[in-house]
Amino acid sequence: LGLDTLDFAVLCGLALAVCAYFGKDKLKEILASNNDAIKVSNDSRDIVETLRNNDKNYLVLYGSQTGTAEDYARKFAKELVAKFSLRVMCADVESYDLQNLNELPSNVVVSIFLSTYGEGDFPDGAVPFEDYLTNLSSGDLENVRYTLFGLGNSTYEFFNGAAKKANKLLSEAGATLLGKCGEADDGAGTTDEDYMAWKETVTDLLKSELALDEHEQKFQPNFKYSVLETSKTDPAVSLGEPTSQYLPSQQLTFSPDGRQTGPFDATHPFVAPIVKSKELFQCGERNCIHAEFDVTGSNLKYSTGDHLALWPSNSDEKVEKFLKCFGLNPETVFELKPLDSTIKNPFPLPTTIGAAVRHYLEITGPISRQLFSSIMQFAPTDELKERLNDLSKDKDEFAKEITVKYLNLADALLYLSDGAKWDTVPWNFLVESVPHLQPRYYSISSSSSSEKQTIHITAIVENMPNPVSEKAPPVTGVATNLLRHIQQSQNKEDISASTLPVHYDLSGPRDLFKSYKLPIHVRRSTFRLPSNPATPVIMVGPGTGVAPFRGFIRDRTKFVELQPNVSLGKHLLFYGSRDERDFLYQEEWPEYSKKLEGAFEMVVAHSRLPNKPRSYVQHKLIEREDEIFKLIANEGAFIYVCGDAKGMAQGVHSAFVTILSRGKKCTEKEAAEMIKMFKSSGKYQEDVW
Ligand code: FAD
């Protein structure tokens, strides 16, 4: 090897550079590990360390998509504290590392609440939990004792898929299941009763397993509650801002030109202007709102087929009733301080009681028997205490007296007390026991190719007279009636009580929502058109189920505009409505057909035409069975179903089973297996709710 002086110098230089490079990386590593050390001591992510440091002796974990699993986990945790004085840590699986789970003290049991989303999937935030479970080996969790409650919907193929998978992986890792894996079924509308039945057996088991003494329920707060003398005009007091970044005291959220600054996501929504809204139905008695959110400047991105999450607030009427029922002063400014570091603030604080009731608590919606059993300790009279006790124990009586009357918490309590106030119930109990308002999801009905900066949604308004008594208040959905109020107001239409059953404060906290703005974020979905435009597509979307397909078709229209020489496969849309008056986007479809020159065809079923038999999308599929079979079997068509999960999605599934079994001359069981395979490979996609 003949190295001259220059070569040597170059090599030395290179060696030095390499040393310096790795040295720098090493330095980075050391710095990072030092940071981690600081992190662990101040704000550990290690679940076992956190549990020990906070002197807890029970662990409740949840993986939640829309807040239901979290709500049940919290209820369960609260009951363990109130009845057995356990010191419970309740945490989102997303917030901690579980690597040391097997090191839990031997007296600690873990109760897991897990929702299933989409095709048997774990909730978004619980995907790392799924990875953790998948990578476990036999014996890794041999010291762990757990209970498991799944929240699912039997109208989906993979009913409670996430909980079932978690259970299998936990038991393969050697963990011991106490009792049975609970399976709540939202499809049958029995989630609350499924929970109550599961909870009763599990708590009995825990009583003997952990030698627990049961006492009368006694509320044990998680927060130190205090009333502040501060004025509500103080810039640090939240008046219902969606997150504390929006408080004037923070200044961070607004750039110098007054724009909000991101990044915007599920923890920090963008307050988006609704630039256009319109009523889509012409029938008068029902309503469906088209709303367009402008996301210019927010850097919010979406893809056709994604979901928009909308953060609603409660209506004036419901807020007023709730405040009246509990004798609350909306102006009171209060603070909550977590009693230990495992507890997180539920919303921006300090705030006013009025703001919390309007913006942060889910004050309408059905109530659970469990809430009755915990609220009875504060009943204003012994008679009412007894009445709540009876109702909380008797499932049928509770259904007859409360559930079938569609009563929310304030309605139910005022009904039981004949209108007398429940001002004996402490506000801090309500804050900790009433579920927190969750965002509502909508399938985006625009296309990210044709409308990059605008997101459209298509929402049916949930509003019906109380089925039991005309005098009782109407049963109204929170978000959709808010959208309707905005639509009526924005288009200068009648907003009187004769038109709108409920009204909202459209200005929002400190005018944040003024000029028709609402907080939103985008949720990624897997509902996507095939990447090859020549692949045929069969879409089934009756009612608002047509929303993402409007997006799909607008996408294809943009595509042919940009690439006129590429030919499209057949795009067949099965749509259903009652009649012509609730036919969504009726005027738009012929335009799309024209632009797509025969590649797009719409088949419409009407279910309520006078003197005509009821026709649904399932029937239309069967009428076109030969063509559909050829598209699937010979041309590899992709199938998409969107809308009602209960009746429609199952009916449509059965129609495809029939079409495949007849076409392939196989049994229905074999055809159903084929569809299962299509689902796994993404050729049969559902966006149902
Ligand atoms: P909520 O306040 O959530 O009430 C829900 C229902 O409970 C209503 O029917 C309400 O009337 C009823 N209710 C209220 N009080 C009581 C009571 N005390 N007892 C019993 N019942 C009561 N919807 C669409 O219209 N278009 C879409 O594109 C769409 N896409 C979706 C996509 C996904 C992924 C999901 C999960 C859902 C989707 N939805 C869609 C449904 C939507 O998210 C909302 O659930 C729906 O709009 C109702 O919201 P709300 O706030 O108005 O009603």
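Summary of the structure given here. Just so you know, these numbers come straight off a predicted model, no measurement behind them.

1. Concerning helix α5 (residues 161-172)
Along an α-helix, residues three or four positions apart point the same way, because every turn accommodates 3.6 residues.
For step 1, the next point in the chain: Here α5 is 12 residues long and its end C-alpha atoms lie 16 Å apart, about the 16 Å a rise of 1.5 Å per residue gives.
For step 2, the next point in the chain: Buried within α5 are the following residues: G161, A162, A163, A166, N167, L169 and L170.
For step 3, the next point in the chain: Where α5 is buried, its residues contact β3 (109-115), α4 (127-134), β4 (145-152) and β5 (176-177).
For step 4, the next point in the chain: Among the residues trailing α5, G174 stands out with phi positive, at a value near 95°.

2. Side note on the packing of helix α18 (residues 625-633) against helix α19 (residues 648-664)
For step 1, the next point in the chain: Across the interface, α18 lies against α19 with an axial gap of 10 Å and an inter-helix angle of 80°. Judged by the inter-axis angle, α18 sits roughly perpendicular to α19. Side by side, α18 and α19 meet where E625, I628, F629 and I632 of the first sit next to F656, I659, L660, R662, G663 and K664 of the second.
For step 2, the next point in the chain: Partitioning the contact of α18 with α19 into residue classes produces 6 nonpolar, 1 polar and 3 charged.

3. Brief notes about the nonpolar core
For step 1, the next point in the chain: In this structure, F322, F326, F372, L409, W427 and L430 are the most contacted members of the largest nonpolar core, which totals 45 residues.
For step 2, the next point in the chain: For this core, the elements supplying multiple residues, two or more each, are α7 (316-326), β11 (333-338), α8 (353-360), α9 (369-375), α10 (382-393), α12 (409-416) and α13 (427-433).
For step 3, the next point in the chain: Considering every element that reaches this core, the biggest residue donor is α12, with 6 residues.
For step 4, the next point in the chain: Those residues in contact with L409, other than ones at most four positions away along the chain, are F322, F326, I363, I367, L371, I375, L430 and V434.
For step 5, the next point in the chain: One finds A91, L114, L141 and L148 within the second-largest nonpolar core, a separate group that totals 34 residues.

4. Side note on the sheet that holds strand β7 (residues 223-228)
For step 1, the next point in the chain: Taken in spatial order, the 3 strands line up as β7-β11-β12 in an open sheet, and their pairing is antiparallel. Looking at strand neighbours, the two that pair on one side only are β7 and β12 (351-352), the edges of this open sheet.
For step 2, the next point in the chain: Both β11 and β12 contribute to a ladder of 2 bridges, which runs antiparallel. Bridge pairing in β12 places F334 opposite T351.

So, how was this worked out
- Residues numbered from 1 in each chain as written.
- Predicted model: local features only at pLDDT ≥ 70, side-chain atom pairs only at ≥ 80, totals over all residues.
- Heavy atoms only, no water.
- Helix = DSSP H or I, 4+ residues; strand = E, 2+ residues; numbered from the N terminus.
- Expected span 1.5 Å × (residues − 1).
- Buried < 20%, exposed > 50% of the residue type's maximum accessible area, 1.4 Å probe, protein only.
- Contact = heavy atoms within 4.5 Å.
- Axes fitted to C-alpha atoms, helices over the stretch in contact; angles between N-to-C directions.
- Parallel < 35°, antiparallel > 145°, perpendicular 65-115°, else oblique.
- Nonpolar A, V, L, I, M, F, W, Y, C, P; charged D, E, K, R; others polar.
- Core = buried A, V, L, I, M, F, W, Y, C linked by side-chain atoms within 4.5 Å.
- Pairing = 2+ DSSP bridges.

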